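Working through the structure, step by step
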Amino acid sequence: MTVELLEQYGMPAILPESFVLIAEVAAPEDEAEALFSKAREYLRSGCQEIWLLFPENAIVIIMTADKSLIFTEAETVGTQTILQGFSIPVAELFA
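Quick caveat, the model's predicted, so the values are computed rather than measured. (Residues numbered from 1 in each chain as written. Predicted model: local features only at pLDDT ≥ 70, side-chain atom pairs only at ≥ 80, totals over all residues. Heavy atoms only, no water.)

**Focus on the overall build of the chain**
What counts, and what does not: The way it works is that DSSP assigns letters per residue, a run of H or I at least four long becomes a helix, a run of E at least two long becomes a strand, and they are numbered from the N terminus. Burial classes: relative accessible area under 20% of the type maximum marks a residue as buried, over 50% as exposed, and values in between as partly exposed (1.4 Å probe, protein chains only). Residue contacts are defined here by distance: any two heavy atoms, one from each residue, within 4.5 Å place the two residues in contact. Areas reported as accessible are Shrake-Rupley estimates using a 1.4 Å probe. Residue values count occlusion only from the protein chains shown.
The secondary structure content of the chain amounts to 3 helices and 6 strands. Mapped from its N terminus to its C terminus, the chain presents α and β elements in the order α-β-α-β-β-β-β-β-α. Counting over 95 residues, the chain shows a buried share of 31%. Sequence-distant contacts in the chain: of pairs separated by 6 or more residues, those separated by 24 or more amount to 38%. Taken as a whole, the chain presents about 6,100 Å² of accessible surface, with 55% of it coming from carbon and sulfur.

Right, here's the structure in full:
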């Protein structure tokens, strides 16, 4: 939620666009294609960065408008466009 959106729409409100950073945790029954489709819809509606978390495989996929990155359990994942400088080991996300 940005300050600009709060000023424009107030609280609480139904916003006409997505949050700028969204994390989606995949459940075992989720289909990958459906998750990617939802992520693309978030990007079309104004989201700048999406984290898809796959706990069963300890994988994080970050999607932005111009790239997708995959991080495994042995790596450290970091924001690409939002919250510059934030990072966390993937293993910690799923601990």
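That covers the picture; the talk isn't over yet.
**Some words on helix H2 (residues 32–44)**
Where we set the bar: Each residue after the first adds 1.5 Å to the expected span of a helix. Each direction from the helix axis to a C-beta atom contributes to the arc, which is the arc of those directions.
Here H2 contains 13 residues, and its C-alpha end-to-end distance of 18 Å stays within 8% of the 18 Å for a straight helix at 1.5 Å per residue. Listed in full, the buried residues belonging to H2 are Leu35, Ala39 and Leu43. Seen from one end, H2 has its buried residues packed into an arc of 80 degrees, which puts them on one side. Across from the buried face of H2, at angles greater than 90 degrees, the exposed residues are Glu33 and Arg44. Positive backbone phi, approximately 110 degrees, marks glycine 46, located one or two places after H2.

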